[in-house]
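# Descriptive structure summary
The lines below spell out each chain.
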Amino acid sequence: MRVSTQAFFENNVLTLQRLQRSLNDLQEQVATGRQIQRPSDDPVGSARALNLRGSLDSVEQFQRNAGLAESRLRLEEETLTGVTDLLQRTRELALQAANATQTNESRDFIAAELRQGLDQLLALANTRDASDEYLFAGYQSQTQPFTRTASGFSYNGDQGQRFVSISRTRQIPDSDSGERIFGRIREGNGQVLATPAAANTGTGTIFNNDAAGVSGYGFESYQITFTAADAYEVRDGGGALVTSGAFTPGDSITFGALDVRIEGGPATGDVFDVGPSPNTDMFSIIDRLATALETPTSNDSGRAGQDAAINRGLEGIDQAISRVLEVRTGVGSRLATIETQVDANAGAALVLQESIADIEDLDYAAAISALTQQATTLEAAQQSFLRIQNLSLFRLL
Amino acid sequence: MSSILGIGTSALSAFRRSLDTVGQNIANANTPGYNRQRVLLSAREPQFSGAGFFGRGVEINSVERYYNAFLDDQVRNAGSSASRYDTLAGFAGRVDDLLADPLAGLSPALSSFYSAVQDFSLDPATPASRGALFAEAESLVARFQSLDDQLASVSAETSQAVAQTVSEINQLSTSIADLNQRIVTAGTQRPPNDLLDERDQLVRELTRLVDVTITEENNGSINVFVGNGQTLVIGGETFELEVQPSEFDPNRNEVIYRGLGGDTPLRDILKGGEIGGLFEFQNTILDPTRRALGASAVAVAQTFNSQNALGLDANGNLGGDIFSTGPARGTPSALNTGTGDISVVVEDIGQVPQSGYRFLFDGTDYRLFRDDTGAEVTLTGTGTGADPFRADGLAITVSGAPAAGDTFEVEPVLDAISGLSIVASDPGAFAAAGPTRGAADLGNLSDASIDNGVPLDTSDPDFFATSIIEFTGPNTYSVNGAGSFAFTPGDTITLNGSAYTITGTPTAGDRFTLERNTDAAGDNRNALALGATRDAGVLAGGSQSVSQAYSSLVATVGSRTRLAENTADAQAIVLQSAETRRLEESGVNLDEEAAELIRFQQAYQAAAEVISVANEMFDTLLAATRR
């Protein structure tokens with residue numbers, strides 16, 4: 001085989017260039033620590049790394065979201081703890097006020113303390129978060145949710161609940177609307193409210209025997225009228241007679257799905273209303289209780305009215321406490337959800353980072369050994385080229 | 001006596017010529033395209049005498065070059081492939097680098113844009129989060145545009161390179177034709193080696209630019225053809241390739257062949273060489289990449305805009321458009337004879353394939369053909385504004401009167417990014433809040449609740465009307481006191497263009513108010529939905545989100561580039577070995593020439609000695625006769 005001088009030089013130059021290029025690629029890899037410099041180095045890996053990086057960005061965003069939701073929920077939880085404490089204190093005061101030994105004057109003191117608690121409760125309901133938004137206003141976060149009006153209290157927010165994404169598939173509310181917590185408490189036992197008419201002259205008070213609620217109750221209204229001190233009749237909302245009977249104090253009266261008890265001495269013509277519990281707000285419950293305590297009583301019938309009011313207040317406060325408890329439980333479980341999700345997200349992020357590293361990061365040991373090998377080859381090629389190109393017949397002529 | 005002198009002289013002359021040739025070989029050892037030469041010697045015709053035939057010395061038959069047409073052909077083919085893939089790999093590598101650059105690629109910009117949407121949904125009431133989102137939207141647009149700008153400049157560069165290559169092809173054709181004439185003039189008796197070398201070298205250079213076919217004539221000239229038989233050179237004549245603006249787009253260059261039978265466009269015909277690589281790059285990497293990015297921009301803009309329109313902005317109005325994209329291109333050919341024009345609208349970006357189209361009127365029907373597959377796409381509709389032609393997610397409206405044979409170019413997304421902009425004037429335009437809200441009356445007996453409604457049709461004239469749903473029984477309700485509608489718990493109630501869900505069991509007399517959402521600074525319902533558009537499958541028939549589509553684009557361009565680079569490397573080696581084989585036969589080896597030099601030098605000395613002997617013989621003879 002002939003070797004042309006031109007081909008000898010050209011081929012050697014090409015070989016040296018090729019070696020230098022692969023040396024350069026290796027050097028680039030070692031210098032950056034990445035085995036993929038450009039997508040063409042590993043097209044599938046690059047695309048996967050891009051997708052993984054996108055997922056990692058999402059997960060990191062979810063963690064940020066979770067952090068924010070957690071801080072808002074912690075604030076809500078703290079606030080609700082304060083609300084529960086206040087309501088418990090209010091309940092104790094109401095129980096104290098119910099004690100027969102209280103006088104008009106001592107009841108005034110209790111009422112004053114109740115009003116103080118009411119102001120604190122209102123302040124808690126109008127709590128603002130770190131970005132100065134009202135926590136319990138629903139979506140109307142820049143409107144003070146609860147205000148005192150001439151006729152009582154009004155809720156100016158809405159039922160909105162803001163959701164936060166803490167994973168691709170999971171969104172959780174980071175607050176509860178104030179209406180649900182403070183503004184929509186069913187009085188009585190949560191379903192049925194039994195009250196004496198204001199004009200009653202006797203000392204009869206009415207109690208609901210079904211403290212926990214009744215089944216089969218279809219929101220009917222009834223009126224118990226005493227036709228004599230020892231006889232009553234029950235009529236429904238349309239005025240039709242439902243039942244009637246003789247009465248001894250402490251007797252239970254049952255009609256429809258309901259079961260009530262009247263104690264004390266109702267007078268002839270006294271009326272007791274039994275019907276569906278209306279929604280009211282916590283503030284009104286306490287306000288009405290305080291107003292009842294502030295009203296001086298001078299006779300038994302007045303005392304009976306006041307007792308009924310205290311009783312209604314206590315029932316309402318119990319409903320409020322259980323509502324707050326219910327919301328707090330919800331907040332607690334949301335916090336637990338966040339905690340679980342944050343752990344899961346952190347795990348996912350770790351896996352994603354590892355996968356990205358697997359694809360992109362350089363195996364230094366392999367790269368350095370390849371680098372050394374290539375460098376040795378290049379050096380050998382250079383030296384042998386120098387030696388061989390030196391051999392020419394012309395040098396000997 | 002004279003015969004020995006003659007023999008010696010002929011030998012002197014023959015060896016001097018041989019030495020000249022060795023010298024020529026040494027001189028051209030590094031001349032590209034040079035084939036080594038040798039002098040062909042033969043014994044002169046002998047002279048007859050009674051004693052037999054006596055030789056009369058040596059004569060030079062011709063000077064020959066070592067040339068193997070088969071090996072040369074291989075070098076030409078390998079050279080054409082090598083420069084095709086070299087060009088392709090070179091340009092592809094630039095697009096490849098661009099797409100995955102951590103600073104310049106689309107992925108990081110998409111990521112931070114959608115993160116800003118999420119941050120916005122966490123805190124919609126704060127101007128800061130709105131402002132940050134607006135800034136991110138601007139930088140997303142800027143990123144799309146910088147990518148498109150860079151691709152556009154690569155595109156301009158390839159157009160320029162095509163023009164440059166065509167002018168080189170024309171120059172080479174002229175030079176080859178010129179050499180043809182000189183070779184024919186030199187005649188075929190004695191080969192004009194250096195002219196042939198030069199022409200072969202020019203042909204090799206030509207095949208680096210474009211694939212050609214060569215035929216040889218008896219008179220020594222060659223004919224050169226490109227594509228599927230278009231003549232470049234025939235004898236001493238040349239036909240030029242021409243670059244002229246595309247019939248559809250004056251900014252794009254097309255190569256045409258001005259032949260005797262009219263103009264032929266060569267884009268799909270020219271293969272191989274630099275020009276083949278350039279066309280291949282434009283057709284398989286550059287245009288698809290620009291289309292994919294355009295489709296991504298349209299997808300981001302359309303999904304974001306349509307979700308934004310379902311919520312209330314900072315001013316409490318239905319959200320307007322945030323992004324706007326360049327319109328779909330529907331351009332009539334400059335060669336059209338009718339007055340027809342078309343307008344194209346992308347209706348469903350998920351259905352639009354990454355291809356351009358030709359839309360043509362054949363005299364009776366309108367027809368649509370895809371550029372990439374050449375397949376015809378079935379059109380529905382009649383092409384009027386009320387009932388446009390529809391196919392592949394596009395709507396095409398025809399106006400004016402096209403003549404039979406008129407064609408139009410349709411490019412659904414190629415101009416999308418150049419026209420991409422933010423049309424919203426301020427950060428307040430992002431719609432965070434849901435448009436409506438529902439509320440249960442405080443006086444309701446049951447605890448049934450209603451949600452805030454999911455918008456279905458914001459164009460409903462009563463969309464923002466306040467309505468009251470009043471239950472007349474657990475399973476019937478009236479709206480604003482009128483009508484009686486059946487209700488089953490769990491049903492959604494669609495009213496005023498929104499769908500509401502009532503949970504729980506309502507009872508007679510329960511009232512629910514549905515109304516326009518106002519003052520809902522903390523409402524993030526629509527902002528959450530905006531954030532969810534990140535993962536919405538909007539491309540590739542609804543199977544890919546924008547970021548998935550982008551990563552598959554990166555993979556496609558990456559593997560095409562890798563293929564081009566690997567093939568280029570392989571072709572370089574094929575070329576090198578073909579060239580080595582050619583040079584094995586035709587190349588100069590200096591050691592060999594050194595040996596030849598010595599050989600002919602010694603022969604020359606010997607021949608001179610012959611003359612000197614003849615001289616001595618002559619002297620001897622003279623001396624003998626003097627006496």
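Keep in mind the model is a prediction, meaning the values are calculated, not measured. (Residues numbered from 1 in each chain as written. Chains lettered and ligands numbered in written order. Predicted model: local features only at pLDDT ≥ 70, side-chain atom pairs only at ≥ 80, totals over all residues.)

Helix and strand content of chain A: seven helices and 14 strands. Relative to a compact globule of 397 residues, whose C-alpha radius of gyration would be 21 Å, chain A shows 41 Å and is clearly more extended. Projected onto its principal axes, the C-alpha coordinates of chain A cover approximately 150 × 40 × 30 Å. Within chain A, the proportion of its 397 residues that are buried is 38%. Contacts spanning at least 24 positions in sequence make up 67% of the contacts within chain A whose residues lie at least 6 apart. (Helix = DSSP H or I, 4+ residues; strand = E, 2+ residues; numbered from the N terminus. Rg over C-alpha atoms; globule rule 2.2 N^0.38 Å. Buried ≥ 20, exposed ≤ 12 C-beta atoms within 10 Å, placed from the backbone. Contact = placed C-beta atoms within 7 Å.)

So, about the sheet that holds strand β11 (residues 252–255) of chain A. Residue and element names in this part refer to chain A. The sheet built from three strands is open, its strands ordered β7-β12-β11 with antiparallel pairing. Each edge of the sheet is formed by a strand with only one pairing partner; in this case those strands are β7 (205–208) and β11. Neighbour-to-neighbour, the strand axes of this sheet turn through a mean angle of 30°, independent of strand direction. (Pairing = 2+ DSSP bridges. Axes fitted to C-alpha atoms, helices over the stretch in contact; angles between N-to-C directions.)

Before going further, it helps to spend a moment on the interface of chain A and chain B. At the interface, 49 residues of chain A touch 56 residues of chain B. When residues of the side of chain A that touches chain B are traced back to their parent elements, those giving at least two are α1 (5–32), α2 (43–98) and β3 (163–165) of chain A.

Structurally, Arg38(B) can be placed in strand β1 (residues 37–43). Excluding its chain neighbours within four sequence positions, the residues that come into contact with Arg38(B) are Thr21(B) and Glu64(B).

Before going further, it helps to examine the confidence of the model for chain B. Low-confidence regions, as indicated by low pLDDT, have predicted coordinates that should not be scrutinised in detail. Put simply, chain B has an average pLDDT of 91, and 99% of its residues get 70 or more. We note a pTM of 0.86 for the whole complex and an ipTM of 0.85 for its interfaces. (pLDDT = per-residue confidence, 0-100.)

Core analysis: the biggest nonpolar cluster contains 176 residues, and Leu289(A), Ala297(B), Val298(B) and Val554(B) have the highest contact counts within it. The residues touching Ala297(B), leaving out its near neighbours within four places in the chain, are Phe144(B), Thr325(B), Ala416(B), Ile417(B) and Leu420(B). In this structure, Leu193(A), Ile206(A), Val234(A) and Leu258(A) belong to the second largest nonpolar core, which totals 16 residues. (Core = buried A, V, L, I, M, F, W, Y, C linked by C-beta atoms within 7 Å.)

Let's shift gears to helix α5 (residues 193–209) of chain B. Residues and elements named next belong to chain B. With 17 residues, α5 should cover 24 Å at 1.5 Å per step; its first-to-last C-alpha distance of 25 Å lies within 8% of that length. Where α5 is concerned, the buried positions are Asn193, Asp197, Arg199, Asp200, Leu202, Val203, Leu206, Thr207, Arg208 and Leu209. Where α5 is buried, its residues contact β1, β4 (58–65), α2 (69–100), α4 (127–186), β5 (212–216) and α6 (273–308). (Expected span 1.5 Å × (residues − 1).)

Moving on, we come to the packing of α6(B) against helix α7 (residues 525–532) of chain B. When two helices pack together, their arrangement is given by the angle between the helix axes and by the axis-to-axis distance. All names here are of chain B. Viewed as axis vectors pointing N to C, α6 and α7 meet at an angle of 165°, and their least axial separation amounts to 9 Å. When the axis of α6 is compared with that of α7, the two are roughly antiparallel. Pair α6 / α7 crosses with right-handed handedness. Touching Phe304, Gln307 and Asn308 of α6 are Asn526, Ala529 and Leu530, all from α7. For the contact of α6 with α7, the residue count by class is three nonpolar, three polar and no charged. (Parallel < 35°, antiparallel > 145°, perpendicular 65-115°, else oblique. Left-handed = near helix turned anticlockwise from the far one by under 90°. Nonpolar A, V, L, I, M, F, W, Y, C, P; charged D, E, K, R; others polar.)

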